[in-house]
Amino acid sequence: MGCDGGTIPKRHELVKGPKKVEKVDKNAELAAKWKYCALSQEKLRRPIVSCDLGRLYNKDSIIEYLLDKTAERPNVEAVTHIRGIKDIKELNLTDNPEWKGERSNTKGDIYEDMHCGMFICPVVGLEMNGKHRFCYLQTCGCVFSDRALKEVKTEICHKCGDGFKVEDLVVLNGTKEEVEKLRKRMEEKRAKAKTKKSKKSKAAETQLVSTALEVREDTQTEEVGLTGSSEQNAGESSQSAVAGPSGSSISSQGSKSSMSSNSKRSYQEMTEKSEVFKSLFTTHSSAKRTKDQTSNWVTHTPYHF
């Protein structure tokens, strides 16, 4: 069982005590949040987007997730609240002039600051490395430090000049409490959007119903008018039948004479026609011949001589 050859065991080798809680390196945790995508765990590269909860993603990875949600990914739980492109916002970040890139220290003979961030606040100049609190605006996507927003209190964006409200501020990589508040605000916003959509749909339905009723009323009135006219015509025909053959003949003669007078209207009586136009017809005075011009014989065309 051991202890041979003068070996002396210690207490921790014989007695099992409580396991020590593993502590996460703060520097590694900050680097994972601020330098790597929350979905694909790849290094952040432009274009960078953020959700309503303040997490940072690569836009390419989010698009791939939305196109194929069945594929296996390491951190799918971090994007379950993202339903489409409208749920994310592309960030307008300011580059850090001191950031030299990842390949600046390839040989390993230069001091490399692990806390150096790729982006900074455009107002104060603080680096976005996790040591300072940063926020972004949902209206324009510009990113600022919390210190800049407290020192310069305005309702206009410091970078692009667009207006914003306090509700438009979203904390980037906030604490658990801040994430819970952002989640509640996101749910409330989505509920309001649903109610607005339902109201719009109801209004559209009411408009359709009203237009349909108006069309029905118009058709009914037209049908009533048609039936009334048909009844009047039927009554007139019955009256003419009762009047007898003489009355029918008189009415028919009167109608025929009126029609014939309208149809046999002479062109010479038309005042709106010119004399040149009237002279084209045989009824014009220039076409009539005197007795001297007429012949004793009859030809095929009496006006030809």
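Check the entry above for the structure.
What comes next concerns the included structure.

Criteria and cut-off values
Residues numbered from 1 in each chain as written. Predicted model: local features only at pLDDT ≥ 70, side-chain atom pairs only at ≥ 80, totals over all residues. Heavy atoms only, no water. Phe/Tyr/Trp six-rings, centres within 6.5 Å; stacked < 30°, edge-to-face > 60°. Helix = DSSP H or I, 4+ residues; strand = E, 2+ residues; numbered from the N terminus. Buried < 20%, exposed > 50% of the residue type's maximum accessible area, 1.4 Å probe, protein only. Pairing = 2+ DSSP bridges. Contact = heavy atoms within 4.5 Å. Axes fitted to C-alpha atoms, helices over the stretch in contact; angles between N-to-C directions. Core = buried A, V, L, I, M, F, W, Y, C linked by side-chain atoms within 4.5 Å.

Moving on, we get to the packing of aromatic side chains. Applying the stated criterion to the full structure yields one aromatic pair. Note on W34 and F134: the rings are 6.4 Å apart at their centroids and 65 degrees apart in plane angle, and the pair reads as edge-to-face. A residue pair is termed long-range when its members are at least 10 positions apart, and W34 in helix α2 (residues 26-34) and F134 in strand β6 (residues 134-137) qualify at 100 residues. A relative accessible area of 0% places F134 in the buried class.

Another aspect to go through is the sheet that holds strand β2 (residues 56-58). Read from one edge of the open sheet, three strands run β2-β1-β3, paired in antiparallel fashion. Every interior strand has two partners, whereas the edge strands, β2 and β3 (89-90), have only one. Relative to β3, strand β1 (residues 48-50) runs antiparallel, the two sharing two bridges. When the bridges of β3 are listed, S50 appears paired with K89. Across the sheet, helix α3 (residues 59-67) lies against β1, β2 and β3, angled at about 80 degrees from β2, the strand it touches most.

Counting residues in each nonpolar core, the largest one holds 39 residues, and the members touching the most others are Y57, I62, M128, F134, V143 and L172. Where this core is concerned, the elements lending two or more residues are β1, β2, α3, β6, β7 (143-145), α4 (146-151) and β8 (169-171). Of all the elements, β6 adds the most residues to this core, at four residues. If we skip the residues at most four places from it in the chain, M128 touches W34, L93, G117, F119, I120, F134, V143 and L172.

As a further point, take unusual backbone geometry. Of note, the bond from R46 into P47 is cis; its omega dihedral lies within 30 degrees of zero at -5 degrees. Along the polypeptide, P47 turns up in the loop between α2 and β1. Backbone geometry at Q41 places phi at a positive 60 degrees, although glycine is not the residue there. Mapped onto the elements, Q41 comes out in the loop between α2 and β1. For Q41, a relative accessible area of 40% translates into the label partly exposed. For N173, which is not glycine, the phi dihedral falls at a positive 50 degrees.

Coordinates in, geometry out; function isn't part of it.
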